[in-house]
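What follows is the residue order along each chain.
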Amino acid sequence: MKKLPEYNVLLPDWQGPETQFDEIGEALRSMLNGTITRVAPEDKKQPVHESASTCDSLLAVHPHAIEIGAPFGTGETVGNGNTYAAFFLGFMGFGAWFLWEGLMSRSIFFLVSGSIIFATGFFPFSFALRMSHLAPRDIPVVFNRKTREVSICVLGRLRFWRFWERVGIDKVITTSWDDLQARSYKIMQLTGEAARDTHVLRLLWGEARNPRKLEGIALIGYLGWYEDAALWRLWEHIRRYMEEGGPAIQPGETLRTSGAGKLPELPPQVIAAAGGPALSVEEVTRLAGAADAAA
């Protein structure tokens, strides 16, 4: 039976551990959970898939660059956050009822118990709400084909107890496109009702002075349920854009709009290097139409 185009990956299944990086710190090693399923070739002129797609992961288009989103921006974080927020809101309501009873009856037991129950619900509720609705809508990775650089946004740490703080982009790391490595990993994801095999596309890069020492990791795209083939269509789109002058957006495709809140603002130097601010939605739609006509 002939494979559908979205499953025609040109990479073999990977059998074995990481070979490009022989120095991986403990903090980064903990982020490389799961097993490697495929490895992109170091030579980025080699295709990885027969077809290309933005896979609903394109956030913005600049004159010289494209912004690709992360699994964080697919909307799944919002859904999970709403579930947890609703659950702990129930805790808060139960605690508030205890407090009310304590005030009416002047019962120390009800007042203390209500305070503990309310606090037990409040801090997780605050954390879930801030992560799902008050954080940036996505975590962009900027691929600049003019400078051949990749800029990775790093989300700041969201501290559990500081309910008044909002999480944002902490810094932007820029590395060479030529030095960037792509891997797909299979991880076990718990959904609340069951566990499933999920695939992620990770970008890895080494230190400038010691390329074999892993410096950072970034996720792009989305969570691939049970297979990684479509994730490599996304990487093929990026590869063609960077190496072959391919289109910023594929025919008939659109920008990602899922998630909540706004996209984070990129540093001025990243925007300047990208040729200026992102194109409008109307301009990107015309680009997709032009690509469709050309195809």
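Residues numbered from 1 in each chain as written. Predicted model: local features only at pLDDT ≥ 70, side-chain atom pairs only at ≥ 80, totals over all residues. Heavy atoms only, no water.

Asks: Just to check I follow, could you spell out the pairing of strand β3 (residues 65-68) for this structure?
Replies: On a regular strand, one side chain projects to one face of the sheet and the next to the other, so that they alternate. Across the two faces of β3 the burial is the same, with Ala65 and Glu67 and Ile66 and Ile68 all buried. Pairing of strand β2 (residues 58-61) with β3 involves three bridges; the strand directions are antiparallel. Counted as the bridge partner of Ala60 is Glu67 from β3. Here β2 hands over to β3 after three residues, the two strands then running antiparallel side by side. The sheet contact formed by β3 and strand β4 (residues 141-144) spans four bridges and is antiparallel. Looking at β4, one finds that Glu67 is bridged to Val142. (Buried < 20%, exposed > 50% of the residue type's maximum accessible area, 1.4 Å probe, protein only. Helix = DSSP H or I, 4+ residues; strand = E, 2+ residues; numbered from the N terminus. Pairing = 2+ DSSP bridges.)

Asks: When you look at the pattern of salt bridges in this model, what are you seeing that I'm missing?
Replies: Opposite charge on two side chains lets them pair, provided their charged atoms get close. Under the definition given, this model contains twelve salt bridges. The residue Asp13 makes a salt bridge to Arg38 at a minimum N-O spacing of 3.3 Å. Placement of Asp13 in the segment before α1 (26-29) and of Arg38 in strand β1 (residues 35-39) is noted, with a sequence separation of 25 residues between them. Two residues, Glu243 and Arg148, come together in a salt bridge whose shortest N-O distance is 2.9 Å. Remark: Arg148 occurs in the loop between β4 and β5 (149-155) and Glu243 occurs in helix α4 (residues 229-244); sequence separation between them is 95 residues. For Arg148, a relative accessible area of 28% corresponds to the partly exposed category. Through salt bridges with shared partners, one network takes in Lys45, Arg148, Asp178 and Glu243. (Salt bridge = Lys/Arg side-chain N within 4 Å of Asp/Glu carboxyl O.)

Asks: Help me out: how do you make sense of the sheet that holds β2 in this one?
Replies: Whether parallel or antiparallel, the strands of a sheet pair through hydrogen bonds between backbone atoms. With respect to topology, five strands assemble into an open sheet ordered β2-β3-β4-β5-β6, the strand pairing being antiparallel. The open sheet has two edge strands, β2 and β6 (169-176), and neither has a second partner. Adjacent strand axes in the sheet meet at a mean angle of 20°, parallel and antiparallel pairs treated alike. As judged from the four bridges shared by β4 and β5, these two strands associate in the antiparallel manner. Bridging from a neighbouring strand, Phe143 pairs with Val150 of β5. (Axes fitted to C-alpha atoms, helices over the stretch in contact; angles between N-to-C directions.)

Asks: Mind showing me how you'd approach the environment of Leu279 here?
Replies: Of note, Leu279 is situated in the loop between α5 (268-273) and α6 (281-294). Separated by 216 residues in the primary sequence, Leu279 and Pro63 place their C-alpha atoms 7.6 Å from one another. Each residue touching Leu279, except ones within four places of it in the same chain, is listed here: Val61, Val284 and Leu287. (Contact = heavy atoms within 4.5 Å.)

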